[in-house]
Amino acid sequence: MTALVTVAGTPLPEPSEYSANTSTIVDSGRNVSGVVIGAVIREDVAKVELKWRYLTAQQWANVLSLFHGSFYNSVTFFNQGTASYTTRQMYVSDRKAGMWRRHPETGEIMGWTDCSLSLVEV
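Residues numbered from 1 in each chain as written. Predicted model: local features only at pLDDT ≥ 70, side-chain atom pairs only at ≥ 80, totals over all residues. Heavy atoms only, no water.

A word on the packing of aromatic side chains
Then, number 1: Summed over the entire model, instances satisfying the criterion amount to five aromatic pairs.
Then, number 2: Residues Tyr54 and Trp100 carry aromatic rings whose centres are separated by 5.4 Å and whose planes lie at 75° to one another, so their mutual orientation is edge-to-face. Taken together, the positions of Tyr54 in strand S4 (residues 36–56) and Trp100 in strand S6 (residues 84–102) put the pair 46 residues apart, joining distant regions of the chain.
Then, number 3: With a relative accessible area of 36%, Tyr54 lands in the partly exposed category.
Then, number 4: We classify Trp100 as partly exposed; its relative accessible area is 41%.
Then, number 5: Through pairs of rings, three or more aromatic residues link up here, namely Phe71, Tyr72 and Tyr91. (Phe/Tyr/Trp six-rings, centres within 6.5 Å; stacked < 30°, edge-to-face > 60°. Helix = DSSP H or I, 4+ residues; strand = E, 2+ residues; numbered from the N terminus. Buried < 20%, exposed > 50% of the residue type's maximum accessible area, 1.4 Å probe, protein only.)

Description of a nonpolar patch on the surface
Then, number 1: On the surface, a nonpolar cluster with roughly 310 Å² of combined accessible area is contributed by Phe71, Tyr72 and Val122.
Then, number 2: Of note, Phe71 is situated in the loop between helix H1 (57–65) and strand S5 (73–79). (Patch = residues over 30% accessible without salt bridge, like charges linked within 9 Å, V, L, I, M, F, W, Y side chains within 5 Å. Areas by Shrake-Rupley, 256 points an atom, 1.4 Å probe, with all protein chains shown as cover. Salt bridge = Lys/Arg side-chain N within 4 Å of Asp/Glu carboxyl O.)

Thoughts on the sheet that holds strand S1 (residues 5–7)
Then, number 1: Spatially, the seven strands line up as an open sheet ordered S2-S1-S5-S6-S7-S4-S3, and their pairing is antiparallel. Edge strands, defined here as strands with exactly one partner in the open sheet, are strand S2 (10–11) and strand S3 (17–30). (Pairing = 2+ DSSP bridges.)

Focus on the pattern of salt bridges
Then, number 1: Taken as a whole and judged by the stated rule, the model has three salt bridges.
Then, number 2: One salt bridge connects Arg42 with Glu121, and the closest N-O pair in it is separated by 2.8 Å. Here the residue Arg42 occupies a position in strand S4, and Glu121 occupies one in strand S7 (residues 109–121), the gap between them amounting to 79 residues.
Then, number 3: What makes Arg42 partly exposed here is its relative accessible area of 31%.

As far as function goes, none of this settles anything; it's purely spatial.
So this is what it looks like as structure tokens:
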């Protein structure tokens, strides 16, 4: 089975939630009559939001490690506009997770809940 999202050739764990956004970038303003005057700068800019209900500490670290050292990454994802997989250059936005629990004897973090990140096309 093809991974839903692959970053730099590495498949991400199957997300619990997947949200795809497609944007049109517009340069616009209003004239003296209050009417919008605008020009499309770029169409079909992708943003993918992923969420995992639970990942082990190592799984989450593995995902985050894909974004160290390179701001832009080659990302393959399921494109809602084409109903097929697409590869585009993207950067990672905010990454968030809540600690699940610590090992009672060692204090080691055992896992994370509600792990999330966004990938935005450059």
